[in-house]
Amino acid sequence: TTSTRESHYTTRTTRPKDKSDKCVFCVIVLLLCPEKRSFELISLNVDKNEVVIRDLIHLVPEYATDEYLGSKKYVGFCYPGNGKELINSFSPEALGLRCNEVLIALPKGYSSVLIARFAEPILSNARLMRRIKKLDR
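Here's a quick rundown of the structure. Keep in mind it's a predicted model, so treat the numbers as computed, not measured.

**Things to note about the pattern of salt bridges**
Link 1 in the chain: With the rule as written, the count across this model stands at two salt bridges.
Link 2 in the chain: Note that Lys-72 is salt-bridged to Glu-35, the shortest N-O span being 3.5 Å. In this pair, Lys-72 sits in the loop between helix H2 (67–71) and strand S3 (74–78) while Glu-35 sits in the loop between strand S1 (24–33) and strand S2 (38–47), placing the two residues 37 residues apart along the sequence.
Link 3 in the chain: Exposure remark for Lys-72: the relative accessible area of 18% places this residue in the buried category.
Link 4 in the chain: Of the residues examined, Glu-35 reaches a relative accessible area of 45% and is grouped as partly exposed.

Encoded structure:
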C-alpha cells in the first residue's frame, strides 16, 4: 500500500506596505516531490490587484521551508482533483480563485494531471484539510 508521510505545515505572510488600498488575498500552495514522497503546504498572501499567477511561482522559493522543495523549478499551478492548469498571465481574481483555495505547484517535467493524482491522498487527509479550513476563520 502507498502511505503518505505528512510534512510540516507552515504559514508565512507578506505585509502590504499600505493596508488602506491593498486587497490581500491568500492562496494555499501544495509543493510536492513525488521522488522523495514529501510535500509542504505554504500560504501566500498577496495583493490580488497587483499579481498574476506567474508572480506566485516566483514566491515559492522564498516561502518554502523545505530546502529541496524550495529549490525545485516550478512552471505553474493546477487545481486539485481535475489537474486543470491555471493560465500564468491571469490574476487570481480573473481566474475566480477564492481566498484560501488550495493550488498545486507544478514541478518542471510533470504533467498537471499526474501531479494532481499525486496530491489526492494528501488532500484527502481529513486532519490536514481541517487545518486548512481553520485559515478561513
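**So, unusual backbone geometry**
Link 1 in the chain: One non-glycine residue with positive phi stands out, namely Arg-37, at about 55 degrees.
Link 2 in the chain: Looking at the element boundaries, Arg-37 is found in the loop between S1 and S2.
Link 3 in the chain: Overall, Arg-37 belongs to the partly exposed group, its relative accessible area being 43%.
Link 4 in the chain: Phi is positive for Asn-100, close to 65 degrees, though the residue is something other than glycine.
Link 5 in the chain: Asn-100 sits in the buried class, given a relative accessible area of 10%.

**So, the packing of aromatic side chains**
Link 1 in the chain: Summed over the entire model, instances satisfying the criterion amount to one aromatic pair.
Link 2 in the chain: Their ring planes at 80 degrees and their centres at 6.5 Å tell us that Tyr-110 and Phe-118 sit as a pair that is edge-to-face.
Link 3 in the chain: For Lys-36, the ring lying beneath its charged end belongs to Tyr-68, and the centroid distance is 4.1 Å.

**Remarks on the pairing of strand S4 (residues 101–107)**
Link 1 in the chain: Among the seven residues of S4, seven are classified as buried, and the element is accordingly described as predominantly covered.
Link 2 in the chain: Burial along S4 is two-sided: Glu-101, Leu-103, Ala-105 and Pro-107 facing one way and Val-102, Ile-104 and Leu-106 facing the other are all buried.
Link 3 in the chain: The sheet contact formed by S1 and S4 spans four bridges and is parallel. Each bridged residue has a counterpart across the sheet, and for Ile-28 the counterpart in S4 is Val-102.
Link 4 in the chain: Here S3 pairs with S4 via four bridges, running antiparallel. Bridged to Phe-77 within S4 is Ala-105.

Calculation rules
Residues numbered from 1 in each chain as written. Predicted model: local features only at pLDDT ≥ 70, side-chain atom pairs only at ≥ 80, totals over all residues. Heavy atoms only, no water. Salt bridge = Lys/Arg side-chain N within 4 Å of Asp/Glu carboxyl O. Helix = DSSP H or I, 4+ residues; strand = E, 2+ residues; numbered from the N terminus. Buried < 20%, exposed > 50% of the residue type's maximum accessible area, 1.4 Å probe, protein only. Phe/Tyr/Trp six-rings, centres within 6.5 Å; stacked < 30°, edge-to-face > 60°. Lys NZ or Arg CZ within 6 Å of the ring centre and 35° of its normal. Pairing = 2+ DSSP bridges.

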